[in-house]
Amino acid sequence: MKKIIIAASILSADFAALKYDVKMVEEFGAAWIHIDVMDGHFVPNIGIGPQVVRSLRSVTKLLFDVHLMITNPEKYWQEFQKAGADLITFHNEVLTDKKKLVDDIKSSGVKAGISIKPGTSISQIESLLPYVDLVLVMAVEPGFGGQSFMESIVSKIKDLREIIDRNGYNCFIEVDGGIDSQTAPLCVNAGADALVSGNYIFSAENPKAAVKSLLI
Ligand code: DX5
Ligand code: ZN
């Protein structure tokens, strides 16, 4: 069985102790650090900027998985690339030229992902699948940590897995929102490669046990 990638979402970490929280999840087995960027426009919340990415870059060698929940990713993605992002994901629901943005991100030397909100169907990103390194499937409405997983997206993961495998695309499936020990197996069995988890890990009494419980 393949090893699932855990992407710890620092949105739920202690921002006064970010360095220690990142080192902690690294020690416990998280492979990626998920960094939520929010502009107060695409989503009703304001989040992490490039300076935090830059500061954390010297703390860990883990992959930095930057999730841009912003209206104009074409204006800001380079700031995150320069700051040390390894993977930059933007939303399919924005109005930019998505194929061009994927190409631009990849030609800068980092990986590019496309994300879909719970209400967006796979057919809307199918033409991008040969080009993206990752699809980030949202299992909650983007904007906040600690929300409940929408089980209706499990069939979306299955369909996506089938399309990717049938066509031989080199594209990871990552699921974001409401991941815990109950919902993780649903995603893994449906074909997910990576799971984002924030609240479940960082609010746990025992974060080590929480990470371990996701490593199925
Ligand atoms: C939500 C963010 C998520 C969030 C996940 O908009 O994109 O990455 O941090 O948090 P949990 O795991 O708490 O649902
Ligand atoms: Zn996210």
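Look up a bit, the structure's there.
Along each chain, numbering runs from 1 in the same order as the chain's sequence is written. Each chain takes a letter, starting from A, and each ligand takes a number, starting from 1, following the order in which they are written. It should be noted that, the model being predicted, local features are given only for residues of pLDDT at least 70 and side-chain atom pairs only at 80 or more, the latter also being counted only at that level, while totals for whole chains, interfaces and linings use all residues. Calculation of side-chain values draws on the structure's entire complement of heavy atoms; hydrogens and water are dropped beforehand.

Enquirer: Teacher, can you tell me more about the site of ligand 1 here?
Expert: One heavy atom within 4 Å of a molecule or strand makes the whole residue count as near it. Taken together, 19 residues lie around ligand 1, and Ser9, Asp36, Gly143, Gly146 and Asp176 are the ones closest in. Within the contact set of ligand 1, an oxygen atom lies 2.8 Å away from a side-chain nitrogen or oxygen of Asp36. Between ligand 1 and Gly146 there is a distance of 2.7 Å, counted from an oxygen atom to a backbone nitrogen or oxygen. Burial of ligand 1 by the surrounding chains reaches 99%, relative to a free accessible area of 380 Å². The way it works is that DSSP assigns letters per residue, a run of H or I at least four long becomes a helix, a run of E at least two long becomes a strand, and they are numbered from the N terminus. For the shell around ligand 1, the secondary structure elements donating two or more residues are β2 (32–38), β3 (63–69) and β8 (194–197). For this scheme, ten residues count as nonpolar: Ala, Val, Leu, Ile, Met, Phe, Trp, Tyr, Cys and Pro. Four count as charged, namely Asp, Glu, Lys and Arg, and the remainder, Gly too, count as polar. Taken together, the residues of the shell around ligand 1 sort by class into six nonpolar, 11 polar and two charged. Any N or O atom pair separated by 3.5 Å or less is treated as a polar contact, with the protein-specific requirement of one donor-capable and one acceptor-capable atom, and with residues adjacent in sequence counted only for side-chain atom pairs. Only the protein chains shown count as cover for residues, and the accessible areas themselves come from Shrake-Rupley with a 1.4 Å probe.

Enquirer: Help me understand the coordination of the zinc ion (ligand 2), please; the structure alone is not making it clear to me.
Expert: Geometry reference: four tetrahedral donors at a metal, ideal angle 109.5 degrees. Six octahedral donors, ideal angles 90 or 180 degrees. Only nitrogen, oxygen and sulfur atoms within 2.8 Å of the metal, or 3.2 Å for Na, K and Ca, are treated as donors, and water is left out, so sites may look incomplete. Surrounding the zinc ion (ligand 2) are the protein donor atoms His34 (NE2), Asp36 (OD), His67 (ND1) and Asp176 (OD), at 2.1 to 2.3 Å. Classification of the site at the zinc ion (ligand 2) as octahedral follows from its six donor atoms and the range of 72 to 171 degrees in their angles at the metal. For a four-donor site, all angles between 85 and 135 degrees give tetrahedral; for four or six donors, opposite pairs above 155 degrees with the remaining angles between 65 and 115 give square planar or octahedral; all remaining cases count as irregular.

Enquirer: It is not clear to me how the packing of aromatic side chains should be interpreted in this structure. Could you clarify?
Expert: For any two aromatic rings, the description comes down to two numbers: the centre-to-centre distance and the angle of the planes. For Phe, Tyr and Trp, where Trp contributes only its six-membered ring, two rings pair if their centres lie within 6.5 Å, and the inter-plane angle classes them as stacked under 30 degrees, edge-to-face over 60, or tilted in between. The tally for this structure, following the rule as stated, stands at one aromatic pair. Residues Trp32 and Phe172 carry aromatic rings whose centres are separated by 6.2 Å and whose planes lie at 20 degrees to one another, so their mutual orientation is stacked. Of this pair, Trp32 sits in strand β2 while Phe172 sits in strand β7 (residues 172–176), placing them 140 residues apart in sequence. Should the NZ of a Lys or the CZ of an Arg lie within 6 Å of a ring centre and within 35 degrees of the ring normal, that charge is described as sitting over the ring. Seen from the ring of Tyr131, Lys99 lies directly overhead, with NZ or CZ sitting 4.3 Å from the centre. Its end group placed over the ring of Phe42, Lys117 keeps NZ or CZ at 5.1 Å from the ring centre.

Enquirer: Looking at this model, I keep getting lost on the packing of helix α3 (residues 73–83) against helix α4 (residues 98–107). Mind explaining?
Expert: Helix packing for two helices is described by the angle between their axes and how far apart those axes are. Lines fitted to the C-alpha atoms define the axes, with helices restricted to the stretch that makes contact. Angles between their N-to-C directions range from 0 to 180 degrees. Running from N to C, α3 and α4 cross one another at 15 degrees; their axes reach a closest spacing of 11 Å. Between α3 and α4, the interaxial angle falls into the category roughly parallel. The two elements α3 and α4 cross, and the hand of that crossing is right-handed. In this structure, α3 contributes Pro73, Glu74 and Trp77 to the contact, and α4 contributes Leu101, Asp104 and Ile105. For the contact of α3 with α4, the residue count by class is four nonpolar, no polar and two charged. For this classification, under 35 degrees means roughly parallel, over 145 means roughly antiparallel, 65 to 115 means roughly perpendicular, and everything else is oblique. Each crossing gets its hand from how the near helix is turned against the far one by less than a right angle, where anticlockwise is left-handed and clockwise is right-handed. Contacts are residue-level and defined by heavy atoms, with any inter-residue pair within 4.5 Å sufficient.

Enquirer: Help me understand the state of the cysteines, please; the structure alone is not making it clear to me.
Expert: One way to say it: the disulfide is the covalent bond shared by the sulfur atoms of two cysteines. Note on terminology: disulfide denotes any pair of cysteine sulfur atoms within 2.5 Å. Counted according to the given criterion, the structure contains zero disulfides. There is no disulfide at Cys171, and the cysteine sulfur nearest it, in Cys187, is 16 Å away. Whether a residue is buried, partly exposed or exposed follows from its accessible area with a 1.4 Å probe, protein chains only, as a fraction of its type maximum: under 20%, in between, or over 50%, in that order. For Cys187, a relative accessible area of 0% translates into the label buried.

Enquirer: Looking at this structure, how should I read the pairing of strand β5 (residues 111–116)?
Expert: Taken residue by residue, a regular strand's side chains alternate between the two faces of the sheet. Taken across its six residues, β5 has five buried, putting it largely inside the fold. By the bridge criterion, five bridges tie strand β4 (residues 87–91) to β5 in an arrangement that is parallel. Note on β5: the bridge partner recorded for Leu87 is Lys111. Assignment of crossover handedness uses the view with strands pointing away from the viewer, where a clockwise path from the first strand over the helix to the second indicates a right-handed crossover. Crossover β4 to β5 through α4 is right-handed. We treat two strands as partners when DSSP finds at least two bridges between them. Here four bridges tie β5 to strand β6 (residues 134–138), and the two strands are oriented parallel to one another. Looking across to β6, one finds that Ile114 is bridged to Val135.

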